[in-house]
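# A structural walkthrough
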Amino acid sequence: MRGIGLALVSFAVFLAAWKAVTVIGRYPDFILPPPEAVIERGLRAIRTGVLWEHLLTTVVESVLGFALGAATGILTGVALAKSIVIERALSPYIVAAQAIPILALAPLLDIWFGGGLLARVVICALIVFFPVAIATMVGIRSTDPLLDEMLRSLGANPAQRTRLLEIPSALPVIFGGLRVGVTLAVIGAVVAEWAGAATGLGVLINIANQGLFDTPLMFVALASLAIIGLVFYGLVVLAERRLVVR
């Protein structure tokens, strides 16, 4: 309750500062709308159903992309940690792919995967993959060698050592990568929608900015993205508290 109260106080201070800036600066709504204008526009978008359609699309893309990217990243991270040969063979390609901005790759991936949901999920997965894979590799390699030697002496095979020791001991680091990846999934969804989509919060931002010149609606879309990111991040933290023994 104390944490919730602190968060509410912080949010109230943020709204008050936002309102003060709009009053002091006397900005028109198309430059910086006041909080009440954004709230009113958001309620209107909810009533008309416009927001729900775009919100649901982005949530689905983010969830599927995060699931695919996290699963692939964990498996790849384990392989990189367990085999020097695999690390030397794959690391240059993984780093090179990460160095290319996803915004530049998105149009090409959209063409390759047909421009539908699959293309946007793949774009999300790619942006999630790297931090999860690296975190997993680092976590696996941080396993206590004495505990590993003990399992070897008890006759545990490599698969058993990975399942019983390495992955459990690496969970705190892996969840660090998942925390980063789950927020990047939302960014990936927006980038994928900019590359080519009919619905989604990224599309709504473009419509509000370039089509309707509706700045309050743009703020509503941005606030929705922030809320999605906070909810996803909170779910990952909750899973970490349940699974990681400290």
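Scroll up to find the structure.
First, a word on scope: everything that follows refers to the structure included in this document. (Residues numbered from 1 in each chain as written. Predicted model: local features only at pLDDT ≥ 70, side-chain atom pairs only at ≥ 80, totals over all residues. Heavy atoms only, no water.)

### Focus: the environment of Ala195
Of note, Ala195 is situated in helix α8 (residues 158–195). Here the alpha-carbon distance between Ala195 and Leu109, two residues 86 residues apart in the chain, equals 9.0 Å. Those residues in contact with Ala195, other than ones at most four positions away along the chain, are Ala106, Pro107 and Asp110. (Helix = DSSP H or I, 4+ residues; strand = E, 2+ residues; numbered from the N terminus. Contact = heavy atoms within 4.5 Å.)

### Regarding the layout of surface pockets
Any empty space left between the atoms is revealed when a probe the size of a water molecule rolls over them. Its volume calculated, the largest pocket comes out at about 600 Å³. Along the wall of the largest pocket there are 21 residues; nearest its centre are Phe11, Val220, Ala223, Ser224 and Ile227. Looking at the lining of the largest pocket, the elements with two or more residues in it are α1 (2–25), α2 (35–48), α3 (50–82) and α10 (215–243). The class makeup of the residues in the lining of the largest pocket is 19 nonpolar, two polar and no charged. Looking at which domains feed residues into the lining of the largest pocket, each of domain 1 (1–32) and domain 2 (35–243) gives three or more. For the second largest pocket, the full set of lining residues is Tyr93, Ile94, Ala97, Gln98, Ile100, Ile102, Leu105, Leu109, Leu126, Ile127, Phe129 and Phe130. Sorting the residues of the lining of the second largest pocket by element identifies α4 (84–99), α5 (102–112) and α6 (117–141) as the ones contributing at least two each. Grouping the amino acids of the lining of the second largest pocket by side-chain chemistry returns 11 nonpolar, one polar and no charged. (1 Å grid on protein atoms, 1.4 Å probe; cavity = no way out; pocket = protein on both sides within 12 Å on 5 of 7 lines; lining within 4 Å. Points joined across faces, edges and corners; volume = space filled by probe spheres on them. Nonpolar A, V, L, I, M, F, W, Y, C, P; charged D, E, K, R; others polar. Domains from an automatic or database assignment.)

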